[in-house]
4 protein chains.
Amino acid sequence: VSEPLFTPPPLRKAFSATARIERMLEVEAALARAEARTGVIPSAAADAIARACRAEAYDIEALHAAADNSGNLAIPLVAALTKRVGEADATAKGYVHWGATSQDIIDTGLVLQLREALAFIDGELARLCEALATQADAHRHTVLPGRTWLQQASPVTLGQKLAASLAAFERDRARLAALRPRLLMVQLGGAAGNLASLGDRGIAVTEALAAELDLGVPETPWHTQRDRMGECAATLGLLTASLGKLARDLALLAQTEVGEAFEPAAAGRGASSTMPQKRNPVGAAIALAAATRVPGLVATMLAAAVQEHERGLGNWPAEWETLPQIVQLTGSALVAMAQVASGLSVDPQRMRANIELTHGQLFAEAAQMALAPKLGRDVAHKLVADVCRRAAAEGRHVRDVLAEAEPAKGVLDAAALARIFDPANYLGSNDAYIDRVLKSRR
Amino acid sequence: VSEPLFTPPPLRKAFSATARIERMLEVEAALARAEARTGVIPSAAADAIARACRAEAYDIEALHAAADNSGNLAIPLVAALTKRVGEADATAKGYVHWGATSQDIIDTGLVLQLREALAFIDGELARLCEALATQADAHRHTVLPGRTWLQQASPVTLGQKLAASLAAFERDRARLAALRPRLLMVQLGGAAGNLASLGDRGIAVTEALAAELDLGVPETPWHTQRDRMGECAATLGLLTASLGKLARDLALLAQTEVGEAFEPAAAGRGASSTMPQKRNPVGAAIALAAATRVPGLVATMLAAAVQEHERGLGNWPAEWETLPQIVQLTGSALVAMAQVASGLSVDPQRMRANIELTHGQLFAEAAQMALAPKLGRDVAHKLVADVCRRAAAEGRHVRDVLAEAEPAKGVLDAAALARIFDPANYLGSNDAYIDRVLKSRR
Amino acid sequence: VSEPLFTPPPLRKAFSATARIERMLEVEAALARAEARTGVIPSAAADAIARACRAEAYDIEALHAAADNSGNLAIPLVAALTKRVGEADATAKGYVHWGATSQDIIDTGLVLQLREALAFIDGELARLCEALATQADAHRHTVLPGRTWLQQASPVTLGQKLAASLAAFERDRARLAALRPRLLMVQLGGAAGNLASLGDRGIAVTEALAAELDLGVPETPWHTQRDRMGECAATLGLLTASLGKLARDLALLAQTEVGEAFEPAAAGRGASSTMPQKRNPVGAAIALAAATRVPGLVATMLAAAVQEHERGLGNWPAEWETLPQIVQLTGSALVAMAQVASGLSVDPQRMRANIELTHGQLFAEAAQMALAPKLGRDVAHKLVADVCRRAAAEGRHVRDVLAEAEPAKGVLDAAALARIFDPANYLGSNDAYIDRVLKSRR
Amino acid sequence: VSEPLFTPPPLRKAFSATARIERMLEVEAALARAEARTGVIPSAAADAIARACRAEAYDIEALHAAADNSGNLAIPLVAALTKRVGEADATAKGYVHWGATSQDIIDTGLVLQLREALAFIDGELARLCEALATQADAHRHTVLPGRTWLQQASPVTLGQKLAASLAAFERDRARLAALRPRLLMVQLGGAAGNLASLGDRGIAVTEALAAELDLGVPETPWHTQRDRMGECAATLGLLTASLGKLARDLALLAQTEVGEAFEPAAAGRGASSTMPQKRNPVGAAIALAAATRVPGLVATMLAAAVQEHERGLGNWPAEWETLPQIVQLTGSALVAMAQVASGLSVDPQRMRANIELTHGQLFAEAAQMALAPKLGRDVAHKLVADVCRRAAAEGRHVRDVLAEAEPAKGVLDAAALARIFDPANYLGSNDAYIDRVLKSRR
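None of the values given here were measured: they were computed from a predicted structure.

Caption draft 1: The arrangement of the overall build of chain A in detail. If you tally the helices and strands in chain A, you get 18 helices and 4 strands. Here the C-alpha atoms of chain A give a radius of gyration of 30 Å, more than 25% beyond the 22 Å that 2.2 N^0.38 yields for 442 residues. Seen through its C-alpha atoms, chain A measures out along the principal axes to roughly 100 × 50 × 35 Å. Taking all 442 residues of chain A together, the buried fraction comes to 70%. Look at the contacts in chain A between residues 6 or more apart in sequence, and 76% of them connect residues 24 or more apart. For chain A, the exposed area adds up to about 12,600 Å²; of that, 52% sits on carbon and sulfur atoms. Both charge centroids of chain A, one from 46 positive and one from 49 negative side chains, sit 5 Å from each other.

Caption draft 2: Examining unusual backbone geometry more closely. Residues and elements named next belong to chain A. Here the bond from Glu-406 into Pro-407 is cis, since omega is -5°, no more than 30 degrees from zero. As for its position among the elements, Pro-407 is in the loop between helix H15 (398-404) and helix H16 (408-411). At His-359, a residue that is not glycine, the phi angle is positive and equals roughly 50°. Tracing the chain through its elements places His-359 in the loop between helix H12 (348-356) and helix H13 (364-375).

Caption draft 3: Fine view of the packing of helix H13 (residues 364-375) of chain C against helix H14 (residues 377-394) of chain C. Residue and element names in this part refer to chain C. Close contact between H13 and H14 brings their axes to 8 Å; oriented N to C, the two are set at 140°. Between H13 and H14, the angle is such that the two are oblique. Crossing handedness for the pair H13 and H14: right-handed. Contacts between H13 and H14 involve Ala-364, Ala-367, Gln-368, Leu-371, Ala-372 and Leu-375 on the former and, on the latter, Arg-377, Val-379, Ala-380, His-381, Leu-383, Val-384 and Cys-388.

Caption draft 4: Geometry of the interface of chain C and chain A. Facing 42 residues of chain C, the contacting portion of chain A comprises 41 residues. Roughly 3,500 Å² of surface becomes buried between chain C and chain A when both sides are summed, with 56% attributable to carbon and sulfur atoms. It is C:Trp149, C:Glu257 and C:Pro276 in chain C that bury the most area against chain A; as a group they hold 21% of the surface buried on that side. The tally of links between chain C and chain A comes to 2 salt bridges. In this structure, the connection of chain C to chain A is made through 9 residue pairs in polar contact (both at pLDDT 80 or more).

Caption draft 5: Expanded view of the environment of D:Gly159. Within the secondary structure layout, D:Gly159 lies in helix H7 (residues 158-183). Contacts of D:Gly159, omitting those with residues within four sequence positions, involve D:Ala136, D:His139, D:Arg140 and D:Ile434.

Cut-offs used in this document
- Residues numbered from 1 in each chain as written.
- Chains lettered and ligands numbered in written order.
- Predicted model: local features only at pLDDT ≥ 70, side-chain atom pairs only at ≥ 80, totals over all residues.
- Heavy atoms only, no water.
- Helix = DSSP H or I, 4+ residues; strand = E, 2+ residues; numbered from the N terminus.
- Rg over C-alpha atoms; globule rule 2.2 N^0.38 Å.
- Buried < 20%, exposed > 50% of the residue type's maximum accessible area, 1.4 Å probe, protein only.
- Contact = heavy atoms within 4.5 Å.
- Areas by Shrake-Rupley, 256 points an atom, 1.4 Å probe, with all protein chains shown as cover.
- Lys, Arg positive; Asp, Glu negative; His and termini not counted.
- Charge placed at Lys NZ, Arg CZ, Asp CG, Glu CD.
- Axes fitted to C-alpha atoms, helices over the stretch in contact; angles between N-to-C directions.
- Parallel < 35°, antiparallel > 145°, perpendicular 65-115°, else oblique.
- Left-handed = near helix turned anticlockwise from the far one by under 90°.
- Buried area = accessible area lost by both parts, 1.4 Å probe.
- Salt bridge = Lys/Arg side-chain N within 4 Å of Asp/Glu carboxyl O.
- Polar contact = N/O pair within 3.5 Å; in protein donor to acceptor, adjacent residues only side chain to side chain.

That is the geometry; function is a separate question.
Here it is, written out as structure tokens:
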């Protein structure tokens, strides 16, 4: 099984078996230092503990195997850490993991992993937005058929398509920015969540630990209030869905029979093991794979959030691999689409040709709206529908059939007719929309 | 099938078949007025259209039946509206639905329904938070066994349990507040999303429509960028999960063998058709039913968000009943738990009795932390574990076995021993946490 | 909210609020008769009860409203039934619902609803299979481009595409046939599942009840073993997914730029409220909407199956609307696709034209396999890949570039070259596959 | 991330990165041999290819890294295999992967992995059923409170509880047996699914390949008909849900305040990092974690099944890690519960004590049914409900209050009263149910 196939290396690293242990040891070291600073344990003990908190010193695989029996990874890690500290300093050994419970270490360690991963995602998302902004501006007048229900509908521009995606991604950035201060919080509650083990120094130690790790201090421990993790999952789920939407659109434009836009070429990318001619849209496939998988995983996170009393039974462990997978899948989709958006190859001529494919049917609404002021929208609608049907049946251009049709004939002169069938004349607020999206970024 | 069984009447009403038509007609009327104000259509036409936009005038069921054939509800509604306007005013008839497409009406109508529903949810959530704040404060020293993995762990207070839930619900309120301005937006894009049908007046009409409906103006139409709807679903999903967590805890406390807290009694509520003695936790069941159903529905919303080009194929309709169901289920859970929290019946004596149930085992960590400064945490851990096992095997109180055990004997005098086994002495930062949560609300 | 928009009328009826009450009354009547036959209650009482079990006699809406308070529909129904029986026969009144619990009535009533719904689904599925079999046979040599990753790959026939779908639907029929005897079972367990209320006559009454309703007798009551319901959900989920796959393929073939196959035309079907020329693939959209929604609902059924002890807390109610929705959505997709498959409109000329679109690139594998016996598959693969790239770059036909390319030149004479680029020569086991599928049906 | 934490070693191995490559090489070797046997390629080439199909010869990690670029694992593997074969035999090199496409190798390889995994699951499931059968028989008269809505309801036996679970698991075995012949099928279709690359020998090669691998021959390739994989996922989903149900029940029985049954003790199992007294129900937690995660993953498999044309875009890769995770999670739950069921520790005295906890309330239905023949079920229901309320309010035993209550007084003599409150007299068809389940296994 292992990580999702297309996980970007930085996210592979952030959630590797080693990184998991590293972050947990980072928390144990910081806890010891925090407790020394607040006078809860001796400074010398904290130093000895911190010195032992290096992942290289531990057998990562053996710890994971032991977790199968103990039920979580912190128990064998604390045992191993205690042993190691004891070898160097018999007194310090007694201060390892002081006042904490397994979940404190696992949750806070996970928060550190998420911080690292979200920083990567922020960077890639900024890169994607930059690329989309450039492309949306560049293609603000690149006309192609708008499509509804996978049928040609009315002309649009590639610029507006990309700008609409960009606006969604900017909303995702706002959501991620709002998520961060809620998510990046220390979890420290001890056995049952009131830090009874630290007497009256619970808050002080929590604040010191938060300072050590540069994390926030929650109002109260959140061991079985999992909405922070759920929000992280859902926020990434929204981002992945928007990435999937962009990927699907581009893959549809790249179809052999459409041929309007393509992923950037790269050596060996998108080849087939048996079809020599293939150049598959690998980036879109990666994003769509993620968009297919993440919804079910988000549902798991929400379902897992109903955790009993002061520690859930099975539902907390249900989060352990689920949330990292969501992050990795989101990352894979994001990197893939940032790359695609940056190097998108566009064929404006083919777009024009596709507009002409139906001999004017694409301009049916334009014709209707040109006739409506005189005939009324409803009459115009019926008239143009008839004209379109007739044109299709007779294999003629809609313009030519329209030119002969009563009562359109009297309403539209030659110039008006010509205007209808030029897509540049039927883009409405296209430029305003693109500008509004681009401006809102600044 | 129909709505979820326990849907609160206001949410039943907000999403009824009639309300759906009403909101769509409200949008058509507002569009006509907006277009009159911006000079796109004659004022007289707008007046005639607005007059026809009353749901009572239409056969709601027939419209729904017709939608099965046309593929959406707007098509038969626009046809019926056009017919009705035409009966009163032949000219106005031609201006019905001017420049709009079905999705504009359906989406904006849904936004109006959501606004109404979210206002109800906000109110109930405030009521729940108020109740929890009162209870958390009142029960700040009501001691009961903390439980992890469904096993007694270490003492906590009911106050902190409820305060932790309250803190989660306050985060939900913050999320809902952030959602609202992103969600409550006009959708107006016309056939393919650029409002080509309105020429250069698209933005002006959109702004006027937004003013009419008191909604926001998006940077660009969002017909196939569905993150707003997804965020609504996910935000309610987080809220429902937190409600489920509270419900599960209270239901566990209400078990016959635990008996620490109960839902408020109400005539006929929670009876059984065959067991005369039963008083079932109906409120918790409603919340847990919602928490079981909503995750899969949120996943559907995320999956449905990958909508093709300018109108999705099947995935847009997949939202139509899914999002209202999420709202209704969330509402049912919320109303149920607000009622439970307000009238929660607590049995502090039974809590105390349950604390005593294990003859001191609950105070194992307290004993360990009392010994640790002298013996080290690791030695103390092992010692207390042995003492606990021995006490259990011999059917004795942990205190008595501990009093005899070397090397604890030398470390703990009688007063220290007594202190360990009083839960009031082992609540750590309990009060501080409750205060922090209550303060953060102001 | 209400039922899914496109629910076929028979499934709307099977799960209507009235039908739900009807089926529950049917169970109460059958139970009374069964208990009379086994000597548990007097025959006269059974007759009086059966006479009162007519849905018209009850206020359906009031019963549903009362269920909100009691927690399930059986409690107010049993109360109303008891009252009504008492009005006619004071003695009989005491024998209403004898020995049963709410869940017995609700579950067995649901089984009756499912039986009716599955019979409808079986019929429609047979109709779909029949249509596909006819089309697969008729189009066994209708050649079109095979497509992988949405890119043209190598030629296939429409016949094989449809035959592959047909084979999947035949597997669905086998699964439904295996499901039926497991699913169509009486549930009768009384308060806690051992029918203690019926003393030593539990099995006899269960067998008599099963005979009355023509259902099976389970080994043991299944009140909290929900795998039967889960299997029903999952089996329909598999069917819906296969329907979605067929729908997606046909919708892709119907794209304006592909134009190879279309849904049957029907008056007003697939029109647009603003685009006069549109004929949208409504059938595919209905099926894809179902395929988008059902997976999350199946997940809900699986999650809900973890029901506590002898009656779940909230998870049982979570099934009540979820399973009917799955059935209705499956039904809507099935009816839509049966209609599409029966009247599918195919354009073989456009298929041929699309094959020619890439000037021979579609035959790259054919060329490779023609060269491979002489050159080896790997050398041939690289050679043809180069030829394809060159042809594309130079805007030439692959055949012409291949004819000049060393070492292909020596290997392929003119006749061999011509053979490569005729799709009829590169269909492999196409006919055998179609025959195998068709034969397996008999 | 990596595999689910508690994956049993045989399932860890079956789906390891190495095993994945091994199975794919096994398919390539078998394909070469099958093609030699059918005269498609030279025998010497097949031998050379088979010799190179040893996983040790390849850099597993490098292959996975290369897959990130190529989009699937078969492409770099075929390249590496071709290179290696070529080093030994220049002619044979040209026959590697003859006529096949990546998906053929990946899908058939996965089928081999699934066969191995399902064999393991079958074995563990048999072990679980055996354990449950033994326990159900042994505890057929071990009485404990039946519980509905987490409230004590009416007495049941542990035997019937376990028998009901056993019956569900036997249904799962029947489903798995029905799944196997549908699932364990060769996939061989070549580029677009008609094996055009093999001319008229497609069926012969497929049959030979199936014989080599001991798999079935499908009617037609199933590259984009994914119902087999979906059925595998769903069948395991049903099994996991039933495991979750058993786990939840046992964990609830193991609660400190209930204390009726416990997981078998094992050194270090279920310890806490801070609470010395804890013995957590680790087995149940593992099963519940799986039951929380699998539903969302099954939904993913169903959603992923809507695969376009002859190869899906992104949805096929969405299966790659999802299905193995489902298998591993199911396996982890199964092994955990088989272990728990085998060594279950039961406390019949505590069960009896819990029955007495409510001073007779548990026997309310028994009292009602004893009175009903004389008073009618409805009158008896109301009477006993009053008696129960009174008893609870006055802190008395229901028996004593009942003995005084009119009109019960006249109906029940002392012996009848005593009979009501002995659980052994109120087990109904308990023995028959257990026997029926046990007999159905033979």
